[in-house]
Amino acid sequence: MRLSIVISLQITGLLGCQIVSEGPNDEFSCAVTADCPASQVCCADLHCASNCGTGGTGSCASADQVCQTSADCCLGFACSGGHCSFAPANTAGGSSGGPGSSGNSSSAASSGSTSAAGSGSGTTSNGSGPSSSGGTTSPSSGSGSAGSSGGVTGSAGTGGGSTSATTTGGSTAGSASGGSTTGSSGPPIAVVTLAGNGVAGYVDGSGGRTGPAEFDVPKAVAADAYGNVYVADSANHCIRQISAGGNVTTLAGSGQPGYADGSPGPNGTARFDTPFGVGVDAHGDVFVADTFNQRIRRIDPSGNVTTVAGNGQAASVDGTGGPSGTASFDYPFDVAADGAGNLYVTDALSNRIRKIDSSGNVTTLAGNGTAGYADGTGGPTGTAEFSYPYGIAVDALGNVFVGDTNNDRIREIDPLGNVTTLAGNGTKGSVDGSGGPGGTAEFHDPLGVAVDAAENVYVADGDGERLRLIDASGDVTTLAGNGTPGFVDGVGGPSDTAELDFPDGIAVDQSGNVYVGDSNSSSVRVLGPRAAGWQGVCNPDDCSGGCCENGACVACSCVPPAGACQGSQLCCGGLLCQGGGGPGSLCCVPTHSSCDSSSDCCGSACQGGQCLEGRGEVCNTSGDCVAGTSCTGGFCQ
């Protein structure tokens, strides 16, 4: 039985709030009313002006702003050390259902709030009170408990029953003895493009939706502890790397199909042929399921490529590893590494799950080679069967998770090799619900899988055009994708605006970011903290880790103010490269253009939201000069 820990992604969203402007630079803050009772009714904006809980101004405190408690902070932020800071998606909790009067229980998400059950349990106190906005009450009696990690629990009515609340991806539900209640949804999940402009091609460069970087049928993705994302760029026959700053480079492979171990980079000697899978271990080694070469490859931290196992024959033979060993694979689709140096491989056409131990020996972990569906014992002669196993992931306990595509199920293999069905009843569909072989949840050709430290399993539901989440209790929900194939950034969830186009690979990092290889849109998408604030109106300083382009926070496709440049054509729209592109040159805001601070300006001063020239600086008219000076003889005096 896996621990019941539920992830909650808290991402920017308006949730019906009104945006109001204030200040000379038209800064933005958010509110539902002019005098809000709690920060839960405030927008999760990255440029909120003051706090709601103590200031009563109708907005909430954002990053680094002063707070007394987390209730003063914007959604997605927590009060730490007297200042609001971003709360990671896999630890931040929220509020459970509110208290009911004696003999009654209620639960509801207040407008704009998210709740999550934590890893611990806390006993709620008895009490009474109204349900929050959007909730309903039902008869119940008793005291209850709810997870307390990072969240605030609601109190329960007195008597002999119990109440509880939990959430997945921002939706809150509560249950009570004698009846049930369901609250309103929490804040939406933002889906943004990390890299890839939607054009199928092979171009290294800056990421984001408008950047020059291009992919061609990206499949599996993997993330390391340093913010790097690795992509199996299958039709380009190479492995790409997206840095923590969003820049895309070629880690290994030339763009042409072939088989060769060797040196890294696009001009190196290493060659791949239609790689489908990629994984990374804690040491920085990247492993590749080199599908059409029938091999598993390794890229070491220096970028050099070697063959771990597979002799190039399309067959399923256990044995020794290395390029000339006896082991063979039959179209390996994905690879995952555990903490003990073992690798796990989905051997798709042999309908088996293979294991490569730390010595390079290859064995069959599960699957008897028959294309079918059966839970049971593992090993090459066991009773368990798979049909076109695709994605694979392994947790810290040694449990292996498999996207069993043609069976429309997610399977789990325990450390002893026993195979069970985690979720999916075998009917092709996109129905959220309970897990297990007899549950209500359905998948539509599930492909990639990933697992986080809290035992939440993520699924790229390929033909369902959705990202699904199986929580630690086995319940299945939709994280993102409305079922329509497309390349649309926006709000996730089953009925919202974000669209995916055949999501193939999926990975989750230790900060709660979920990465997706969106094959048919030739892009890599991201949900989680890395996507926070990358939507909506922005000012140049609002976009932590990104750039404000055309009023929206996106991955930088150009150099922002104060960024190093080699020419003005590389600077974001309207900026100049001061210094002529030589050493020390920086992009800056020209005279009369909008600014947030004088550091943005090309040697001038930011006054009234515009860059203006100071005394002694070159000018054309007095309008170029700061207040108190005039343009005389071509200089501000």
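Located above this text is the structure these notes cover.
Since the structure is predicted, the reported quantities are computational estimates derived from the model, not experimental observations. (Residues numbered from 1 in each chain as written. Predicted model: local features only at pLDDT ≥ 70, side-chain atom pairs only at ≥ 80, totals over all residues. Heavy atoms only, no water.)

### A closer look at the overall build of the protein
And then number 1: Along the protein, the regular secondary structure elements total one helix and 45 strands.
And then number 2: By residue count, 55% of the 637 residues in the protein fall in the buried class.
And then number 3: At a minimum sequence separation of 6, the contacts of the protein that also span at least 24 residues come to 42%.
And then number 4: With the model as given, the accessible surface of the protein reaches about 23100 Å², and the carbon-plus-sulfur share is 51%. (Helix = DSSP H or I, 4+ residues; strand = E, 2+ residues; numbered from the N terminus. Buried < 20%, exposed > 50% of the residue type's maximum accessible area, 1.4 Å probe, protein only. Contact = heavy atoms within 4.5 Å. Areas by Shrake-Rupley, 256 points an atom, 1.4 Å probe, with all protein chains shown as cover.)

### Quick look at the side chain of R530
And then number 1: Following the sequence through the fold, R530 ends up in the loop between β37 (523-527) and β38 (547-549).
And then number 2: In terms of polar contacts, R530 uses its side chain to reach the side chain of Y515, at 3.1 Å.
And then number 3: The residues contacting R530, other than those within four sequence positions of it, are L194, G227, V229, S243, A244, G245, G246, N513 and Y515. (Polar contact = N/O pair within 3.5 Å; in protein donor to acceptor, adjacent residues only side chain to side chain.)

### So, the state of the cysteines
Here a disulfide denotes one covalent bond, and it connects the sulfur atoms of two cysteines.
And then number 1: Counted according to the given criterion, the structure contains one disulfide.
And then number 2: Each disulfide pairs two cysteine sulfurs, and for C625 the partner residue is C636, the sulfurs being separated by 2.0 Å. Here the disulfide of C625 and C636 is left-handed, its torsion about the S-S bond being about -85°. One end of the pair, C625, is in the loop between β43 (610-612) and β44 (631-632); the other, C636, is in strand β45 (residues 635-636), and eleven residues separate them in sequence.
And then number 3: By relative accessible area, C636 is classed as buried at 0%. (Disulfide = S-S within 2.5 Å.)

### Looking at the pattern of salt bridges
And then number 1: The full count for this structure, using the stated rule, is 17 salt bridges.
And then number 2: Close ionic contact of R525 with D489 constitutes a salt bridge, the shortest N to O distance being 3.1 Å. Of this pair, R525 sits in strand β37 while D489 sits in the loop between β33 (476-480) and β34 (490-491), and the two are 36 residues apart along the sequence.
And then number 3: Residue D518 is joined to R525 by a salt bridge in which the shortest nitrogen-to-oxygen separation is 2.8 Å.
And then number 4: The exposure class assigned to R525 is buried, which follows from its relative accessible area of 0%. (Salt bridge = Lys/Arg side-chain N within 4 Å of Asp/Glu carboxyl O.)

### Thoughts on the packing of aromatic side chains
And then number 1: Inspection of every chain in the model, using the stated rule, returns seven aromatic pairs.
And then number 2: With 4.8 Å between their ring centres and 40° between their planes, F276 and F333 make a pair best called tilted. Separated by 57 residues along the polypeptide, F276 in the loop between β17 (247-252) and β18 (277-280) and F333 in strand β22 (residues 332-337) bring together distant segments of the chain. Like F333, F276 is buried.
And then number 3: Ring plane angle 70° and centroid distance 5.0 Å describe the contact between F333 and Y390, whose orientation is recorded as edge-to-face. With a gap of 57 residues between them, F333 in strand β22 and Y390 in strand β26 (residues 389-394) connect regions that are remote in the sequence.
And then number 4: On the accessibility criterion, F333 (5% relative accessible area) is buried.
And then number 5: Three or more aromatic residues joined by ring pairs make a cluster, and in this case those are F276, F292, Y331, F333, Y388 and Y390.
And then number 6: Its end group placed over the ring of F276, K219 keeps NZ or CZ at 4.5 Å from the ring centre. (Phe/Tyr/Trp six-rings, centres within 6.5 Å; stacked < 30°, edge-to-face > 60°. Lys NZ or Arg CZ within 6 Å of the ring centre and 35° of its normal.)

### Looking at the sheet that holds β18
And then number 1: Spatial strand order, β18-β19-β20-β21: four strands in an open sheet with antiparallel pairing. A single partner strand is all that each edge strand has here, and the edge strands are β18 and β21 (305-309). Taking each pair of neighbouring strands and ignoring which way they run, the sheet shows an average axis angle of 30°.
And then number 2: Where β18 meets strand β19 (residues 286-290), four bridges bridge the pair, whose relative direction is antiparallel. From the neighbouring strand, V278 faces β19, where its bridge partner is V288. (Pairing = 2+ DSSP bridges. Axes fitted to C-alpha atoms, helices over the stretch in contact; angles between N-to-C directions.)

### Focus on the sheet that holds strand β12 (residues 190-195)
And then number 1: Taken together, the five strands give an open sheet; going across it, the order is β34-β12-β37-β36-β35, and neighbouring strands pair in antiparallel fashion. Both edges of this open sheet fall to β34 and β35 (503-508), since each of them pairs with a single strand only.
And then number 2: Inspection of the sheet shows β12 paired to β37 by three bridges, in the antiparallel sense. Paired with V192 across the strands is V526, a residue of β37.

### Digging into unusual backbone geometry
And then number 1: A positive phi angle is found at Q294, which is not glycine, with a value near 60°.
And then number 2: Relative to the elements of secondary structure, Q294 occurs in the loop between β19 and β20 (295-299).

### Overview of the pairing of strand β23 (residues 343-347)
And then number 1: Within β23, five of the five residues are buried, leaving the element largely enclosed by the surrounding structure.
And then number 2: Side chains of β23 alternate between two faces, with L343, V345 and D347 and Y344 and T346 buried alike.
And then number 3: Of the pairings in the sheet, the one linking β22 to β23 comprises five bridges and is antiparallel in character. By the bridge assignment for β23, A336 is matched with Y344.
And then number 4: Between β22 and β23, which pair antiparallel one after the other, the connecting turn spans five residues, and G341 there sits at a positive phi close to 90°.
And then number 5: For β23 and strand β24 (residues 352-356), the ladder comprises five bridges, and the chain directions are antiparallel. Its bridge partner being in β24, V345 is matched across the sheet by R354.
And then number 6: Linkage of β23 to β24, two consecutive antiparallel strands, is achieved through a turn of four residues, within which N351 is found at a positive phi near 55°.

### Observations concerning the pairing of strand β36 (residues 514-518)
And then number 1: With five of five residues buried, β36 lies mostly within the body of the structure.
And then number 2: Pairing between β35 and β36: five bridges, direction antiparallel. Each bridged residue has a counterpart across the sheet, and for P503 the counterpart in β36 is D518.
And then number 3: Between β35 and β36, which pair antiparallel one after the other, the connecting turn spans five residues, and G512 there sits at a positive phi close to 90°.
And then number 4: In this sheet, β37 lies alongside β36 in antiparallel orientation, the contact comprising five bridges. From the neighbouring strand, Y515 faces β37, where its bridge partner is V526.

### Description of the environment of S358
And then number 1: Mapped onto the secondary structure, S358 falls in the loop between β24 and β25 (362-366).
And then number 2: Residue class for S358 comes out exposed when judged on its relative accessible area of 58%.
And then number 3: If sequence neighbours within four positions are ignored, S358 has contacts with A340, G341 and N342.

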